[in-house]
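What follows is each chain in one-letter form.
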Amino acid sequence: MKTKVIIYARVSTTVQDYTRQLDELREYANKMDYEVVKEFQEKISGAKSVAERNAMNSLLEYIHNNKVDKILIYECSRLSRRAIDFLQLIEIFNQYKISLYIHANGLETLLPNGEVNPIATLVLGILAQFNSMERSLIRSRMESGYNHYRQCGGKVGRKEGYRKTEQQMKE
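Being a predicted model, the structure only gives us computed values, none of them experimental.

Rules and cut-offs
Residues numbered from 1 in each chain as written. Predicted model: local features only at pLDDT ≥ 70, side-chain atom pairs only at ≥ 80, totals over all residues. Heavy atoms only, no water. Salt bridge = Lys/Arg side-chain N within 4 Å of Asp/Glu carboxyl O. Helix = DSSP H or I, 4+ residues; strand = E, 2+ residues; numbered from the N terminus. Buried < 20%, exposed > 50% of the residue type's maximum accessible area, 1.4 Å probe, protein only. Phe/Tyr/Trp six-rings, centres within 6.5 Å; stacked < 30°, edge-to-face > 60°. Lys NZ or Arg CZ within 6 Å of the ring centre and 35° of its normal.

1. Here we look at the pattern of salt bridges
Oppositely charged side chains can pair when the atoms bearing their charge come close.
Item 1. Evaluation of the coordinates by the stated rule reveals 8 salt bridges.
Item 2. The salt bridge involving Glu39 is made with Arg26; its shortest N-O contact spans 2.7 Å. Of the two residues, Glu39 sits in strand β2 (residues 35-43) while Arg26 sits in helix α1 (residues 19-31), which places them 13 residues apart along the sequence.
Item 3. Residue Arg26 is classed as partly exposed on the basis of its relative accessible area, which comes to 36%.
Item 4. A salt bridge links Glu108 to Lys70, with the shortest nitrogen-to-oxygen separation between them at 2.5 Å. In this pair, Glu108 sits in strand β5 (residues 107-108) while Lys70 sits in strand β3 (residues 70-73), placing the two residues 38 residues apart along the sequence. Exposure class is identical for Glu108 and Lys70. Each is buried.

Shown next, in the form of structure tokens:
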């Protein structure tokens, strides 16, 4: 019987594309002879809580109702940039005896015998903190850039005189 896996991909903005993540994870699943039973993808900030992420909620509902052996993600930050959410999701997966495979790190949260992988737990705890810190650094750099631009006479925001009609706002 083949190992049943879910692929989960996420990007932060609507202009980004998760095709590369999906392609590499599908290729990995094929190489390992896994059966991909479902794919979930979404375009939403990793800083959003799990409750705000439709695809993640659908994934959680799916694993509650279906037998899945592994969840494949490209890298840790794709699961969440919020350390608390990241670790809680791993805990949920562990409770369902579902191993989370992180492609970029080659890590799995469960050992082949179904027990929690202590090395992965340590490494992922550290990576979760780095992802959270990176989110703060990105925000800080953006704010610094905006402030510098304003100090040099630049204006941030919509162009002056630009207004959408009421119909455009509704659309």
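2. Here's the deal with the packing of aromatic side chains
Item 1. Across all of its chains, the model carries 3 aromatic pairs by this definition.
Item 2. Pairing Tyr28 with Tyr34 gives two aromatic rings, centres 6.0 Å apart and planes at 70 degrees, and the pair type is edge-to-face. Neither Tyr28 nor Tyr34 differs from the other in exposure class; each is buried.
Item 3. Here Phe40 and Tyr62 contribute two aromatic rings whose centre-to-centre distance is 6.1 Å and whose plane-to-plane angle is 65 degrees, an arrangement assigned as edge-to-face. You can see Phe40 sitting in strand β2 and its partner Tyr62 sitting in helix α2 (residues 54-65), a full 22 residues away along the chain. The same class applies to Phe40 as to Tyr62, namely buried.
Item 4. Taken together, the ring pairs in this structure connect Tyr28, Tyr34 and Tyr101 into an aromatic cluster.
Item 5. Sitting over the face of the ring of Tyr18, Lys43 holds its NZ or CZ atom 5.5 Å from the ring centroid.

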